[in-house]
Amino acid sequence: MNKTNSIRPQIPVGVFFIAGFYLFGAILLLISLFINPVVVSRTVAQAHSLPPVVDAFILPVIVCLALLIAYGLFTRARWGYFLTLIYLIIFGSVSFWLVSQNIQQPYIGNTTWSILALLFLIWKWKYFLSK
């Protein structure tokens, strides 16, 4: 006998993977706050096409954003779905622009991740928007 406590279907493996990726990234950024915040914050700022003067301020912001995305995806909340889509579109666009300026592997990987995650989440829209 299969009893479920929720009317909503279980989370798809791909959505679980995407949410887990953002949770793992947030944990790594939290650790980097104590190990090497200056270098990591400059790298994160550069990946988001922000000026390097934001320094360590950017790390807590990105950690909070990643935790919100992960929580929103794990709970299959509408706001989490739309927050993730918006973030992927912005981050993917910035990464694509940086690829067009200078071809470097991290930007190509960021662009690829954004496109694949965006397409997958659009494909699985019913898990977030169905009641």
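What you see is a predicted model, and the numbers here were worked out from it, not measured in a lab.

(A) Expanded view of the overall build of the protein chain. When its secondary structure is counted, the protein chain shows 6 helices and 0 strands. Mapped from its N terminus to its C terminus, the protein chain presents α and β elements in the order α-α-α-α-α-α. For the protein chain, with 131 residues in total, the buried portion stands at 36%. Once local pairs closer than 6 in sequence are excluded, the contacts in the protein chain between residues at least 24 apart make up 67%. Total accessible area on the protein chain stands at roughly 8400 Å², and carbon and sulfur atoms take up 73% of it.

(B) Broad picture of the environment of L116. Here L116 lies in helix α5 (residues 105–123). For the pair L116 and L88, spaced 28 residues apart in sequence, the C-alpha separation works out to 9.7 Å.

(C) Molecular detail of the environment of F120. Mapped onto the secondary structure, F120 falls in helix α5. Discounting chain neighbours no more than four positions away, the residues touching F120 are G14, V15 and I18.

(D) A look at the packing of aromatic side chains. All told, the structure shown has 11 aromatic pairs when counted by the stated rule. An angle of 70° between the planes, with centres 6.1 Å apart, marks the rings of F17 and W113 as edge-to-face. Taken together, the residues span a long stretch of sequence, with F17 in helix α1 (residues 13–35) and W113 in helix α5 at a distance of 96 residues. On the basis of relative accessible area, F17 is assigned to the exposed category, the value being 52%. Between the aromatic rings of Y81 and F128, the centroid separation amounts to 4.8 Å while the plane-to-plane angle is 25°, which identifies the pairing as stacked. Of this pair, Y81 sits in helix α4 (residues 78–101) while F128 sits in helix α6 (residues 126–129), placing them 47 residues apart in sequence. In this pair, the class of Y81 matches that of F128, namely buried. Members of the aromatic cluster, connected to one another through ring pairs, are F17, F21, Y22, Y87, F91 and W113. The ring of W123 is capped by K124, whose NZ or CZ atom sits 4.1 Å from the centre of that ring.

(E) Structural view of the nonpolar core. Residues I18, Y22, L73, L88, L121 and F128 are the most contacted members of the largest nonpolar core, which totals 27 residues. Listed by contribution, the elements that provide at least two residues to this core are α1, α2 (37–47), α3 (58–74), α4, α5 and α6. Excluding residues within four positions of it along the chain, L121 makes contact with V15, I18, L73, Y81, T84, L85, L88 and F128.

(F) Spotlight on a nonpolar patch on the surface. Taken together, the side chains of L23, F24, I27, L28, I31, F34, I35 and L67 define a hydrophobic patch exposed on the protein surface, amounting to about 810 Å² of accessible area. With 7 residues, the top contributor of residues to the nonpolar patch is α1. Tracing the sequence through the fold places I31 in helix α1. Residue classification places I31 among the partly exposed positions, given a relative accessible area of 42%.

(G) Structural context of α1. With 23 residues, α1 extends 32 Å from end C-alpha to end C-alpha; this agrees with the ideal 33 Å at 1.5 Å per step. Among the residues of α1, V15, I18, A19, Y22, A26, L29 and S32 are the ones counted as buried.

(H) Structural view of unusual backbone geometry. Of note, the phi angle at R76 is positive, near 55°, even though the residue is not glycine. For R76, the position within the fold is in the loop between α3 and α4. With relative accessibility at 12%, the residue R76 sits in the buried group.

What counts as what
- Residues numbered from 1 in each chain as written.
- Predicted model: local features only at pLDDT ≥ 70, side-chain atom pairs only at ≥ 80, totals over all residues.
- Heavy atoms only, no water.
- Helix = DSSP H or I, 4+ residues; strand = E, 2+ residues; numbered from the N terminus.
- Buried < 20%, exposed > 50% of the residue type's maximum accessible area, 1.4 Å probe, protein only.
- Contact = heavy atoms within 4.5 Å.
- Areas by Shrake-Rupley, 256 points an atom, 1.4 Å probe, with all protein chains shown as cover.
- Phe/Tyr/Trp six-rings, centres within 6.5 Å; stacked < 30°, edge-to-face > 60°.
- Lys NZ or Arg CZ within 6 Å of the ring centre and 35° of its normal.
- Core = buried A, V, L, I, M, F, W, Y, C linked by side-chain atoms within 4.5 Å.
- Patch = residues over 30% accessible without salt bridge, like charges linked within 9 Å, V, L, I, M, F, W, Y side chains within 5 Å.
- Salt bridge = Lys/Arg side-chain N within 4 Å of Asp/Glu carboxyl O.
- Expected span 1.5 Å × (residues − 1).

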